[in-house]
Amino acid sequence: YAHAVATAAARAGAKVSLTVRMDPAVKKAIAKIPETAWEKIEYTNAVFDEESGKWISDAEVAEIGFTAFTSKKKAERITGRLVVRRIPELNKAPAEQETLFDAHRFHAFFTTVGGTVLDTVAADKTHRAHAVIEQVHADMKSSALASMPSGKFTANAAWLLAAVMAFNLTRAAGTLAAGPFAKAETATIRDKLINVPTRIASSARRVILHLPKDWPWQTQWQRLFDHLYPPPKAA
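First things first, this report covers the structure right here in the doc.

Rules and cut-offs
Residues numbered from 1 in each chain as written. Predicted model: local features only at pLDDT ≥ 70, side-chain atom pairs only at ≥ 80, totals over all residues. Heavy atoms only, no water. Helix = DSSP H or I, 4+ residues; strand = E, 2+ residues; numbered from the N terminus. Buried < 20%, exposed > 50% of the residue type's maximum accessible area, 1.4 Å probe, protein only. Polar contact = N/O pair within 3.5 Å; in protein donor to acceptor, adjacent residues only side chain to side chain. Contact = heavy atoms within 4.5 Å. Pairing = 2+ DSSP bridges. Axes fitted to C-alpha atoms, helices over the stretch in contact; angles between N-to-C directions. Left-handed = near helix turned anticlockwise from the far one by under 90°. Nonpolar A, V, L, I, M, F, W, Y, C, P; charged D, E, K, R; others polar.

## Side note on the side chain of Thr-170
Summarising the element assignment, Thr-170 is placed in helix α6 (residues 153-177). Thr-170 gets classed as buried once you look at its relative accessible area, which sits at 10%. Looking at Thr-170, its side chain comes within polar contact range of the main-chain oxygen of Ala-166, at 2.7 Å. The contacts of Thr-170, once residues within four sequence positions are left out, are Thr-186, Ile-189, Arg-190 and Ile-194.

Structure (structure tokens):
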């Protein structure tokens, strides 16, 4: 959310959709949105809420006209729309201290795309689509890409390729296991489905895995195992 970015896009004839900081001007604009303007929105793919650390699939959205970069000269200011998504604040203050920003958590972005091109809901869904790839980046940076880059370009390229393959395979495992692992980070999948303490035994030329007793992830692990190694079909 920078003036240089928005003006460069405008000079090139492009529109912008930029996440804004919750500064006083933005909070003031949000406070002016009438309660009747908020409408329900459901996301086909859940959106990750960084503050609560949870995935959400529904929220409310609204918009209000907004002039960005008011600290600049009048001719350099940019007018557009402030589109806001709000979700309930689960850790709000006691009732006697409630305010607008205690009751809900707000995420806003500024866009110069006209309402006839994208209405409020469509604009929000389009903007939030970037969150999926950002979560992939965050996931990989906290695991395989934590020590990159190295001093050799070829080593970086090879390591990145291996990291992407590992990420895709791990996420595929989580999807097959389903349940809480369908949208879990790869670190969670590795910790609870892959790095499992197991005693290996053999009997009658068969390998037997003795898994933990009363293991909370038994159902998901078994589902994943059956996908990869389905039982033999009856003759």
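Here the narrative resumes.
## Examining the pairing of strand β5 (residues 104-111)
The buried fraction of β5 is high, at eight of eight residues. Taking every second residue as pointing to the same face, both faces of β5 are buried, with His-104, Phe-106, Ala-108 and Phe-110 on one and Arg-105, His-107, Phe-109 and Thr-111 on the other. Note: strand β1 (residues 17-19) against β5, three bridges, orientation antiparallel. Its bridge partner being in β5, Thr-19 is matched across the sheet by Phe-109. Strand direction decides the pairing type here: strand β4 (residues 78-88) and β5, joined by eight bridges, are antiparallel. Directly across from Val-84, in β5, lies its bridge partner Ala-108.

## Things to note about the pairing of strand β7 (residues 206-210)
With five bridges joining them, strand β6 (residues 199-203) and β7 adopt antiparallel strand pairing. If you follow Ala-201 over to β7, its bridge partner there is Ile-208. From the end of β6 to the start of β7, which pair antiparallel, there are two residues, and Ala-204 there has a positive phi angle of about 55°.

## Considerations on the packing of α6 against helix α7 (residues 186-194)
Two elements in contact, α6 and α7, have axes whose closest approach is 10 Å; the angle formed by their N-to-C orientations is 65°. In the crossing of α6 with α7, the sense of the turn from one axis to the other is left-handed. Touching Phe-167, Thr-170, Arg-171, Gly-174 and Ala-177 of α6 are Thr-186, Ile-189, Arg-190, Leu-193 and Ile-194, all from α7. Grouping the constituent residues of the contact of α6 with α7 by class yields five nonpolar, three polar and two charged.

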